[in-house]
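Close look at the chain arrangement
Spelled out from the first residue to the last, the chains are:
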Amino acid sequence: MERTFIMIKPDGIQRRIMGEVISRIENKGFKILRAKLFKPSKSLIEEHYQEHREKEFFHELIDYISGESVMIMEVEGESAVEVMRLMIGNKDPKLAAPGTIRGDFSNEKTQNVIHGSDSIENANREISLWF
Ligand code: CDP
Ligand code: MG
């Protein structure tokens, strides 16, 4: 059994599709071990996205998330990291396939509904950071 870190981003909360996203995770057979709905600090978001701190989109990304409500989840199941990434879909709106969360609910490169860890190592880091 593997664990991954999932965050429903502010646009997902504001558009009231939190339940839809949670249903997809549960319908797939994954178990939500912990969850929290809250407004993270700017420093927490910066730490979470530290790998992108030199990118041109960094400040836009931090401003979009910090101070807004997000739902964070620790999700467990078989190949949870890889399977959740497949269910989330590509970050490029043109490549986010229908049937994926981003493909079905977003056409934006920044406001793309959901985050999921991209490796087991990052999943462990992110779960420790957020919970
Ligand atoms: O979220 P994911 O791991 O799929 O993509 P990423 O490359 O790690 O980027 C993290 C987040 O930064 C994305 O989910 C977008 O919200 C944002 N981003 C952006 O605003 N503009 C880009 N050109 C790339 C990413
Ligand atoms: Mg990423």
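Along every chain, residues carry numbers that run from 1 in the direction the sequence is written. Chain labels run from A onward and ligand labels from 1 onward, assigned in the order the entries are written. Only residues with pLDDT of at least 70 get local features here, since the model is predicted, and only at 80 or more are side-chain atom pairs given and counted; chain-wide, interface and lining totals rely on the full set of residues. Processing note: side-chain calculations cover all non-hydrogen atoms of the structure and skip hydrogens and water entirely.

The helix count covers DSSP runs of H or I at least four residues long, the strand count covers runs of E at least two residues long, and both are numbered beginning at the N terminus. Note that Glu-121 resides in helix α7 (residues 120-130). Separated by 40 residues in the primary sequence, Glu-121 and Val-81 have C-alpha atoms spaced 9.9 Å apart.

Moving on to the sheet that holds strand β2 (residues 31-38). Sheet strands associate in pairs through backbone hydrogen bonding, adopting either a parallel or an antiparallel arrangement. Each pair of strands is called paired provided DSSP finds at least two bridges between the two strands. Spatial strand order, β2-β3-β1-β4: four strands in an open sheet with antiparallel pairing. Each of the sheet's edge strands pairs with one partner strand only, and the pair in question is β2 and β4 (114-116). Geometrically, the sheet is characterised by an average inter-axis angle of 15 degrees between neighbouring strands, direction not taken into account. Docked against the sheet, helix α2 (residues 18-27) engages β1 (2-8), β2, β3 (70-77) and β4, running at close to 5 degrees with respect to β3. Contact definition: two residues touch when any of their heavy atoms are within 4.5 Å. Whenever a helix is involved, its axis is fitted only over the stretch in contact; in every case the axis is a line through C-alpha atoms, and angles between N-to-C directions fall within 0 to 180 degrees. Packed onto the sheet, helix α5 (residues 80-88) meets β1, β3 and β4 and runs at close to 30 degrees relative to β1.

What follows deals with helix α4 (residues 58-65). It helps to recall that an α-helix has 3.6 residues per turn; residues three or four apart then point in one direction. Those residues of α4 lying buried are Phe-58, Leu-61, Ile-62, Tyr-64 and Ile-65. Relative to the axis of α4, the buried residues are bounded by an arc of 160 degrees and lie together on one face. Those residues of α4 that are exposed and angled more than 90 degrees off the buried face are His-59 and Asp-63. On its buried side, α4 packs onto β1, α1 (10-14), α3 (42-48) and β3. Remark: exposure states derive from per-residue accessible area (1.4 Å probe, protein chains only) relative to the maximum for the residue type, with buried under 20%, exposed over 50%, and partly exposed in between. Relevant arc is that of directions from the helix axis to the C-beta atoms, nothing else.

What follows deals with the pairing of β1. A regular strand places its side chains on the two faces of the sheet in alternate fashion. For β1, the tally of buried residues reaches six of seven residues, placing the bulk of the element in the interior. In the sheet, β1 pairs with β3 via seven bridges, with the strands oriented antiparallel. Its bridge partner being in β3, Ile-8 is matched across the sheet by Met-71. The sheet contact formed by β1 and β4 spans three bridges and is antiparallel. Bridge pairing in β4 places Ile-8 opposite Ile-114.

Take His-115: it is sitting in strand β4. Residue classification places His-115 among the buried residues on the basis of a relative accessible area of 9%. Any pair of N or O atoms that falls within 3.5 Å is considered a polar contact. Within protein, one atom must be able to donate a hydrogen and the other to accept it, and sequence-neighbouring residues count only if both atoms are side-chain atoms. Of note is the side chain of His-115, whose polar atom sits 3.5 Å from the side chain of His-48. Within the structure, His-115 has its side chain in polar contact with the side chain of Glu-126 (distance 3.0 Å).

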